[in-house]
Amino acid sequence: MRHHMIGSYVQFPRDFARKALFWPDGGLKMAKGKVARVQARGASKRSLALTLLLSFTVVLLFLLALGIVSLPVRREFSPREGPTPVNANSLERVAFGGLGERGKQWTQVLSWEPRAFLYHNFLSREECEYLVSLAKPRISKSTVVDGSTGKSMDSGVRTSSGMFLNRGQDKIVRAIEKRIADFTHIPVEHGEGLQILQYGHGQKYDAHHDYFSDPFNTRNGGQRMATMLMYLSDVEEGGETVFPAAKANFSAVPWWNDLSECGKQGLSVKPKMGNAVLFWSMKPDGTLDPASLHGACPVIKGTKWSAPKWMHVWEYKV
Ligand SMILES: O=C(O)CCC(=O)C(=O)O
């Protein structure tokens with residue numbers, strides 16, 4: 001009974017309990033010593049496990065801080081993938097916002113002098129139609145900047161019609177402006193309001209630079225450094241954006257045979273609804289790039305709608 005009690009009070013390993021039963025007098029003493037040893041062994045195992053866990057946590061935090069490992073988070077948009085995800089899937093739509101679905105997107109380098117890139121399907125058809133619908137009721141004859149006064153004036157150099165939207169004027173405009181900022185790495189606040197242009201038959205904009213040569217227009221935001229020119233419609237014939245001073249093989253473009261005579265005078269892009277051309281008026285060293293000279297060829301057939309977004313070096317106050 002006593003033996004049984006010893007064995008049952010102290011819940012030791014079975015062989016230990018058996019020994020205590022055979023040596024009833026020394027059993028308890030031996031049991032105490034063994035208990036202490038077993039407890040000590042248990043404690044040292046626990047502290048070893050704790051030390052290992054702590055070291056693992058410290059190493060993991062260190063690796064996370066260095067970016068060598070990352071936690072599996074839900075993936076929506078990775079800037080490392082660049083601005084041209086191949087397919088417009090639902091996640092991209094969430095990440096970019098905007099209206100409607102954009103078709104297949106990819107980027108073409110047009111030229112390095114000037115730096116110019118063509119973004120296919122930068123806008124959806126719905127976004128193009130929406131911008132045109134905003135412009136139509138308020139469109140009027142386009143102007144150019146007078147170099148001596150900095151004021152806008154009527155000119156035969158530019159015969160299109162146009163109007164300005166307010167920066168961030170509604171949710172869709174904000175989504176498009178955010179997309180432009182993401183693609184260009186120029187903050188939304190550096191941009192002027194979107195301009196919407198309409199070119200009817202024969203209308204054009206002769207070759208010019210988007211940067212200013214007067215001291216007035218650089219007061220707000222400094223120089224214009226880049227332009228995102230979006231095409232809101234197709235054009236049946238003519239209406240190309242032409243870069244006559246580009247250092248490139250003009251006839252190497254795949255659409256060479258479809259260009260008008262004007263379009264063949266430089267590196268040209270044919271307007272296509274939803275596409276956009278990003279070109280830089282400044283070189284990476286901050287100097288102006290004369291090779292960014294560009295113009296809009298006369299429309300021969302159809303109507304052209306385009307939307308330039310001019311971006312400045314500094315914040316542009318609106
Ligand atoms: O519409 C185009 O193709 C060019 C427009 C342009 O050059 C401008 O507005 O500065």
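Note that the coordinates shown come from a computational prediction; the quantities given were computed from them, not determined experimentally. (Residues numbered from 1 in each chain as written. Predicted model: local features only at pLDDT ≥ 70, side-chain atom pairs only at ≥ 80, totals over all residues.)

1. Comments concerning the overall build of the protein
So, point 1. Counting secondary structure elements, the protein contains six helices and 16 strands.
So, point 2. With 318 residues in all, the protein has 29% of them scored as buried.
So, point 3. In the protein, once contacts between residues fewer than 6 apart in sequence are set aside, the share between residues at least 24 apart is 70%. (Helix = DSSP H or I, 4+ residues; strand = E, 2+ residues; numbered from the N terminus. Buried ≥ 20, exposed ≤ 12 C-beta atoms within 10 Å, placed from the backbone. Contact = placed C-beta atoms within 7 Å.)

2. Topic: the sheet that holds strand β16 (residues 304-312)
So, point 1. Spatial ordering of the open sheet is given by β1-β2-β13-β9-β16-β7-β6-β3, a layout of eight strands whose pairing is antiparallel. Each edge of the sheet is formed by a strand with only one pairing partner; in this case those strands are β1 (107-112) and β3 (140-141).
So, point 2. One ladder, built from four bridges, connects strand β6 (residues 161-164) with strand β7 (residues 195-199); its direction is antiparallel. Bridging from a neighbouring strand, Met-163 pairs with Ile-196 of β7.
So, point 3. Packed onto the sheet, helix α6 (residues 171-184) meets β2 (115-119), β9 (224-231), β13 (276-280) and β16 and runs at close to 125° relative to β9. (Pairing = 2+ DSSP bridges. Axes fitted to C-alpha atoms, helices over the stretch in contact; angles between N-to-C directions.)

3. What about α6?
So, point 1. For α6, with 14 residues, the first-to-last C-alpha span of 20 Å sits near the 20 Å given by 1.5 Å per residue.
So, point 2. Every buried residue belonging to α6 is among Val-173, Ile-176, Glu-177, Arg-179, Ile-180 and Thr-184, and all of these are buried. Take α6 and look down its axis: the buried residues cluster within an arc of 155°, on one side only.
So, point 3. Two residues or fewer after α6 comes His-185, characterised by a positive phi angle close to 65°. (Expected span 1.5 Å × (residues − 1). Arc of directions from axis to C-beta.)

4. Things to note about the site of the ligand
So, point 1. Inspection of the region around the ligand gives Leu-197, Tyr-205, Asp-210, Leu-229, Thr-241, His-294, Ala-296, Ser-306 and Pro-308 as its neighbouring residues.
So, point 2. Contributing elements (two or more residues each) for the shell around the ligand: β14 (294-296) and β16.
So, point 3. The residue inventory of the shell around the ligand, partitioned by class, reads five nonpolar, three polar and one charged. (Near = placed C-beta within 6 Å. Nonpolar A, V, L, I, M, F, W, Y, C, P; charged D, E, K, R; others polar.)

5. Topic: the confidence of the model for the protein
So, point 1. The pLDDT averaged across the protein works out to 84; a share of 79% of its residues lies at or above 70.
So, point 2. With pLDDT under 50 throughout, residues 72-95 is counted as low confidence; its partners more than four residues away or in other chains account for 22 contacts. (pLDDT = per-residue confidence, 0-100.)

6. Regarding unusual backbone geometry
A negative phi angle characterises most non-glycine residues, just as the trans form characterises most peptide bonds.
So, point 1. Cis peptide bonds are those with omega within 30 degrees of zero, and the linkage from Glu-113 to Pro-114 qualifies with 5°.
So, point 2. Topologically, Pro-114 is positioned in the loop between β1 and β2.
So, point 3. The backbone phi angle of Asn-121 is positive, close to 55°, even though this residue is not glycine.
So, point 4. Along the chain, Asn-121 turns up in the loop between β2 and α5 (125-135).
So, point 5. The class of Asn-121 is partly exposed, set by 19 C-beta atoms lying within 10 Å.

7. Thoughts on the nonpolar core
So, point 1. Core analysis: the biggest nonpolar cluster contains 45 residues, and Ile-196, Met-230, Ala-276 and Leu-278 have the highest contact counts within it.
So, point 2. Among the elements that take part in this core, β9 stands out by supplying six residues, more than any other.
So, point 3. Apart from the residues within four sequence positions on either side, Met-230 is in contact with Phe-122, Leu-123, Ala-276, Ser-306 and Ala-307. (Core = buried A, V, L, I, M, F, W, Y, C linked by C-beta atoms within 7 Å.)

8. Some thoughts on the pairing of β13
So, point 1. Most of β13 sits out of view: five of its five residues are buried.
So, point 2. In β13, alternate side chains face the same way, and those of Ala-276, Leu-278 and Trp-280 on one face and Val-277 and Phe-279 on the other are all buried.
So, point 3. In this sheet, β13 lies alongside β2 in antiparallel orientation, the contact comprising four bridges. From the neighbouring strand, Phe-117 faces β13, where its bridge partner is Leu-278.

9. A look at the sheet that holds strand β8 (residues 205-208)
So, point 1. Strand order in the open sheet made by the four strands is β8-β14-β11-β12, with antiparallel pairing throughout. Only two strands of the sheet have a single partner each, and these edge strands are β8 and β12 (267-269). Strand-to-strand twist in this sheet, taken as the mean axis angle between neighbours without regard to direction, amounts to 15°.
So, point 2. Bridge analysis of strand β11 (residues 241-243) against β14 gives two bridges, and the strand direction is antiparallel. Bridging across to β14, Val-242 finds its partner in Gly-295.

10. Remarks on the environment of Tyr-211
So, point 1. When you line up the elements, Tyr-211 lands in the loop between β8 and β9.
So, point 2. In this structure, Tyr-211 is in contact with Gln-223, Arg-224, Ser-281 and Leu-288, ignoring residues within four places of it in sequence.

11. Description of α5
So, point 1. Looking at α5, one finds that the buried residues are Glu-127, Cys-128, Tyr-130, Leu-131 and Ala-135. All buried residues of α5 project into a common sector of 165° when viewed along the axis, lining one side.
So, point 2. Its buried side turned inward, α5 meets β6, α6, β7 and β16.

12. Considering the environment of Glu-129
So, point 1. Inspection of the secondary structure assignment puts Glu-129 in helix α5.
So, point 2. Sequence separation between Glu-129 and Leu-232 is 103 residues, and the spatial gap between their C-alpha atoms is 7.1 Å.

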